[in-house]
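# Per-entry structural report
So you can see what is in the structure, the chains are spelled out below.
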Amino acid sequence: MVVQCSAGCGCNAVLKRPKTNDALCKTCFYWAFETEVHHTIMSTKMFQSGQVVAIGASGGKDSTVLAYILKHLNEKYNYGLKLVLLSIDEGITGYRDDSLESVKRNQEEYNLPLTVLSYKDLYGWTMDDIVKQVGRKNNCTFCGVFRRQALERGAILLNCDVIATGHNADDVAETILMNLLRGDIARLQRCTSHITSSEGSLPRAKPFKYAYEKEIVLYAYFKKLDYFATECVYAPDAYRGHARALVKDLEALRSTSIIDIIHAGEQLAIKDGVKLPKQGVCSACGFVSSNVICKACVLLEGLNRGRPKLAIGKSNKALAEILADRLANTASLSSVQDQF
Amino acid sequence: MCSINEENLPVDTMVATPKLLFKDAVCRRCRILKAQVLLRKTDPYCRDCFMKYAVHKFRSTIGKARALQHNDRVLLAYSGGLSSGSMIHLIKQGLEASDSNKMKLIIKPSLLYIDEGEILNLSKEDRKANADFVLEYAKRNCLDVYMCSLEFSLAADISGVKLQMNSYEVEPSIYASQLERLFGSVKSLTAKEDLLQRLKQRLITLLATHLNYSKVFLGPSATRLAGQLLSAVGQGRGAQIAQEIGFADSRTGVVFLRPMREFVDKEVAYLAHFLEVDSLSLPTLSSKLGPTASIGRLTEEFVVTLQANFPATISTLFRTSDKLKPNVGVDRSSSEFKDDSRCLLCLSAIEQSPLCSASTARSISQTISRSGPSGFKDVESEPQSTNVQQQLKACDANCSNPGKQCCKTMDVGANEKDWGVVLCYGCRVTMEDVKTPELVPINLQEELRLRSRRQMMRQSVEQFLL
Ligand code: SF4
Ligand SMILES: [Zn+2]
Ligand SMILES: [Zn+2]
Ligand SMILES: [Zn+2]
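Thresholds, definitions, all that
- All residue numbers refer to positions counted from 1 along the written sequence of the respective chain.
- Ligands are numbered from 1 and chains lettered from A, in the order in which they are written.
- Two thresholds apply to this predicted model, a pLDDT of at least 70 for residue-level local features and 80 or more for giving and counting side-chain atom pairs, whereas whole-chain, interface and lining totals are computed over all residues.
- With hydrogens and water set aside, each side-chain value is computed from the structure's full complement of heavy atoms.
- Contacts were defined at the residue level, with two residues in contact if any of their heavy atoms lie within 4.5 Å.
- When two parts are brought into contact, each loses some accessible area as probed by a 1.4 Å sphere; the total of that loss over both is the buried area.
- Just to be clear on terms, a salt bridge is a Lys or Arg side-chain nitrogen sitting within 4 Å of an Asp or Glu carboxyl oxygen.
- N or O atoms closer than or at 3.5 Å make up a polar contact, with two conditions inside protein: a donor-capable atom paired with an acceptor-capable one, and, for residues adjacent in sequence, both atoms drawn from side chains.
- For Na, K and Ca the donor cutoff is 3.2 Å, while for all other metals N, O and S atoms must lie within 2.8 Å; water is not among the atoms, so some sites may look incomplete.
- Site shape is set this way: if four donors have all angles between 85 and 135 degrees, tetrahedral; if opposite donors are over 155 degrees apart and all others between 65 and 115, square planar for four donors and octahedral for six; otherwise irregular.
- For the purposes of this entry, the term helix denotes a DSSP run of H or I that reaches at least four residues, the term strand denotes a run of E that reaches at least two, and both are numbered from the N terminus.
- In this analysis, rings of Phe, Tyr and Trp, with Trp reduced to its six-membered ring, are considered paired at centre separations within 6.5 Å, and the interplanar angle assigns stacked below 30 degrees, edge-to-face beyond 60, and tilted for intermediate values.
- The buried label goes to any residue with under 20% of its type's maximum accessible area, the exposed label to any with over 50%, and the partly exposed label to all in between, with areas taken from a 1.4 Å probe on protein chains only.
- Criterion for a charge above a ring: Arg CZ or Lys NZ at most 6 Å from the ring centre, at most 35 degrees from the ring normal.
- For the domain bounds, the source is a domain assignment made automatically or taken from a database.
- Here the nonpolar group is Ala, Val, Leu, Ile, Met, Phe, Trp, Tyr, Cys and Pro; Asp, Glu, Lys and Arg are the charged ones; every other residue, Gly included, is treated as polar.
- Consider each residue's heavy atoms; a residue with any of them within 4 Å of a molecule or strand counts as near.
- UniProt positions are given in the numbering used here, feature names are shortened, and annotations may be inferred rather than shown by experiment.
- Between N-to-C directions, angles span 0 to 180 degrees; the directions come from axes that are lines fitted to C-alpha atoms, helices contributing only their stretch in contact.
- By definition in this entry, angles of less than 35 degrees are roughly parallel, angles greater than 145 are roughly antiparallel, angles of 65 to 115 are roughly perpendicular, and the rest are oblique.
- Each crossing gets its handedness from the near helix: less than a right angle anticlockwise from the far helix is left-handed, clockwise is right-handed.

### Some thoughts on the interface of chain B and chain A
Frequently, the measure chosen for interface size is the accessible area removed from exposure when the parts meet. On the side of chain A, 85 residues touch chain B, which itself brings 80 residues to the contact. Roughly 7,500 Å² is buried in total at the junction of chain B and chain A, and carbon and sulfur atoms are behind 63% of that figure. Here chain B is connected to chain A by 4 salt bridges. Here chain B is connected to chain A by 18 residue pairs in polar contact (both at pLDDT 80 or more).

Printed below as a string of structure tokens:
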């Protein structure tokens, strides 16, 4: 049975839009998808003309489509942006090495400069080594914390003004649920903003905040964009599995659920008088942190001491104190030396 | 990129705790008696200590909110279930305590039973039998009980409602067939469940106001409410969490209180057991259906499963939601038309939808994929700005007034956009699934006209208002 495109262009539809269930032809779907991303970018004033934007590129579908579409919109609407690809090599055999190949192909096809930074270079540890130390349970804690900082470091290195990541609507919905479940009110509020900027760190933009994962896949499929589709060999923790499954089940029940969750998240307002952790900078590495010592430094200290479990358990505060003390000592030492 | 980063990592409470071996455990409180209760997988209690703990928790839930005054008239909504049954037992205990006891409750309660049999397709006999159970229960507890059937939620006002006291007959009424037609026209079970909740709230408000009760106790447990919290989030009701899950909800003018909100189902089961509460086994809209039948059902299953593995789940969800502010919406209290900012169906404040929001993104997607590029002529005819700054400026000038100029290209489809004047986001989502909106007892079309007109008037005189 032939279905007409619901946008009334007269063509035959080739797909059912996951977000709205409307039948669309290829052209109208491209147009719809791109127009919506453009609207997200414009209405949130995500970028300013003349800025250098680091696209966090992993070779996966989200970042591949992001790179493609930012380049396309930048040309079509004259955003006036300079785009660069920034890739982080976590050091996961069988996952990252293959996906990096795909990033390199993107670089050639889209003609965008690519920089690769590795956990090994930045922290002295690959994820493979870390997993050998900590086992398969807390791998994502290390990986996730290091990733955030690694992107920041890379973007600063490249003189970028803003980091754009491929986080899509499904990711945002999942993050809202995770933060409700883990009781993190500050992040709960922060995670829905289109662009997060805190003092002392580069702003992060999510142009796909309202784009469904399924539509990103459809877009890549019809545009024949080349991406790497394998999941990480170290599967995420069980808890996240639950939250992820909930988002998928909700979407199956009602396709607008994902955007409805984001709306709910955007409307959450914190009561007056609730204390939120203050954002400052880590006294060890100088990157943003809500504690004296940031999570990345604590984790790294745990690894380097051969006691990684200390860093993730309840005793992580103790570890942070030791680190702070040591810093204070070297500082006073150097100020003593200054006097002579 | 892998989407996991520091923003969404699991924390300590998300680590599964092993279960305590219960056999021969001693109560953690008195350290003398053998434990009969195991809470949170690791905390054993004897019967007496559990009851003390439970009574104390119940009273402190009520007390800390300072919601009650001496001799308050309170309606206790009774469903026949374990949770509301236990609630009533605990209140009875409080009423009967000696004057010197600081746990003594001084209120004037009556029961309220809403018969939902019509939409649950129960036979007349079953409905009568359930009502008899409730009557018997009220009699045993020496409390008056008001009884009413859900279909009267469709009545325009109290004059159309048949309210019975200490007796119940199922009688045919025009509203019964209307209710059946209405629910038959709802596309999804999720929307049916949401609509049921709204109608019940409306009916209870009507009755309480008429009977001159300013407070109503509702009996949902912590487990139920935690499921409802996630369900509310899944249906876009983020702004309403504080009212829908919190201890007190005063959206309708009558104050709804939830004194069982700190008891998880397991605690309710122990309570009911020790207090010898019997219950009706009541079906629900999704009773015979699977765990993915509706959003409400799904989230409840989710909470129950998670709680079994991670006993901090529910308390963490509550801790989070208790820090949220009830949405008050636009403050028009000084305006002539302060009700214009309330949702007709759930009476919550209607959220604003700024240009850059999920709510705008949702309607844009719908418009865009229904009208296509040709429906967006304005996009092309608008002078294409040559740089971002210029476009942003154009956008900026109109952000407070979406639907005009540079952003009119993103304007929203007629229907749903208009509903935004009279319904909150969550109710709009529900009403999208209702095929016979005219049967819902709100003056959707008329209010829509009135409010839109008032809005236009306000806009035209705005510059003269102080
Ligand atoms: S799943 Fe975990 S270990 Fe794998 S890339 Fe993502 S954060 Fe790293
Ligand atoms: Zn088309
Ligand atoms: Zn005891
Ligand atoms: Zn509403």
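### Focus on the coordination of the zinc ion (ligand 4)
All names here are of chain B. At 2.2 to 2.3 Å from the zinc ion (ligand 4) lie its protein donor atoms, namely Cys343 (SG), Cys346 (SG), Cys424 (SG) and Cys427 (SG). Seen from the zinc ion (ligand 4), its 4 donor atoms lie at angles of 105 to 118°, and the figure they make is tetrahedral. Mapping the donors of the zinc ion (ligand 4) onto the primary sequence gives the spacing C-x2-C-x77-C-x2-C. Here Cys427 lies in helix α15 (residues 425-432) and Cys343 lies in the loop between α10 (313-321) and α11 (358-371), a separation of 84 residues in the sequence.

### Some points on the packing of aromatic side chains
Evaluated as defined, the whole model comprises 21 aromatic pairs over all chains. Judged by centre distance (6.1 Å) and plane angle (45°), the ring pair of Phe50 of chain B and Tyr53 of chain B falls under tilted. Pair noted here: Phe50 of chain B and Tyr53 of chain B are both in helix α1 (residues 47-64), with a separation of 3 residues, about one helical turn. Ring plane angle 65° and centroid distance 5.7 Å describe the contact between Phe50 of chain B and Tyr270 of chain B, whose orientation is recorded as edge-to-face. Of the two residues, Phe50 of chain B is situated in helix α1 and Tyr270 of chain B in helix α8 (residues 265-275); the sequence distance between them amounts to 220 residues. Grouping residues by exposure puts Phe50 of chain B and Tyr270 of chain B together as buried. Clustering of aromatic rings is evident, with ring pairs tying together Phe29, Tyr30, Phe33, Tyr68, Tyr110, Phe208 and Tyr219 of chain A. We note Lys223 of chain A situated over the ring of Tyr30 of chain A; from NZ or CZ to the ring centre the distance is 4.2 Å.

### Concerning the domain arrangement of chain A
All names here are of chain A. In terms of domains, chain A is made up of domain 1 (31-267) and domain 2 (280-338). On a C-alpha basis, the centroid separation for the pair domain 1 and domain 2 is 28 Å. With 17 residues of domain 1 at the contact, the number on the domain 2 side is 14 residues. Carbon and sulfur atoms make up 75% of the area that domain 1 and domain 2 hide from each other, which totals about 1,400 Å². The largest contributions to the domain 1 side of the interface with domain 2 come from Trp125, Phe142 and Gln149, which together make up 32% of the buried area. For the pair domain 1 and domain 2, the number of links is 0 salt bridges. Elements represented by at least two residues in the side of domain 1 that touches domain 2 include exactly α5 (127-134) and α6 (139-157). Take the side of domain 1 that touches domain 2: its biggest share by element is 8 residues, from α6. Looking at the side of domain 1 that touches domain 2 residue by residue, the class counts come to 8 nonpolar, 6 polar and 3 charged.

### Concerning the site of ligand 1
By nearness alone, every residue bordering ligand 1 is listed as Ile92, Tyr95, Asn139, Cys140, Cys143, Arg147, Cys232 and Tyr234 of chain A together with Cys2 and Ile4 of chain B. Per-site note: the chains with residues close to ligand 1 are chains A and B. Taken together, the residues of the shell around ligand 1 break down into 8 nonpolar, 1 polar and 1 charged.

### Notes on the UniProt feature "binding site: ATP" (unreviewed entry) in chain A
Residues and elements named next belong to chain A. According to UniProt, the feature "binding site: ATP" (unreviewed entry) maps to Gly56, Ala57, Ser58, Asp62, Ile88, Gly166 and Asp171 in the numbering used here. Within the element layout of this structure, Ser58 appears in the loop between β3 (52-56) and α2 (61-76). On the accessibility criterion, Ser58 (4% relative accessible area) is buried. From its side chain, Ser58 meets the backbone nitrogen of Gly60 in a polar contact 3.1 Å long. Locating Gly166 in the fold gives a position in the loop between β6 (162-164) and α7 (169-181). Look at Gly166 and you get buried, because its relative accessible area is 12%. Among residues more than four places away in sequence, those in contact with Gly166 are Asp62, Leu66, Asp171 and Phe208.

### Examining the packing of helix α1 (residues 26-43) of chain A against helix α9 (residues 213-222) of chain A
All names here are of chain A. Where α1 meets α9, the axes come as close as 11 Å, and the angle between the chain directions of the two elements is 130°. Here α9 runs oblique to α1, going by the angle between their axes. As α1 packs across α9, the resulting crossing turns out to be left-handed. For the pair formed by α1 and α9, the contact residues are Lys26, Phe29, Tyr30, Phe33 and Glu34 on the first element and Glu215, Ile216, Leu218, Tyr219 and Phe222 on the second. Within the contact of α1 with α9, the residues separate by chemical class into 7 nonpolar, no polar and 3 charged.

### Topic: the side chain of Lys19 of chain A
Along the chain, Lys19 of chain A turns up in the loop between β1 (15-16) and β2 (23-24). For Lys19 of chain A, a relative accessible area of 6% corresponds to the buried category. At 2.7 Å, the side chain of Lys19 of chain A and the backbone oxygen of Tyr210 of chain A are in polar contact. In contact with Lys19 of chain A, not counting residues within four places along its chain, are Glu36, Tyr210, Tyr212, Glu215, Ser255, Thr256 and Ile259 of chain A together with Ser365 of chain B.

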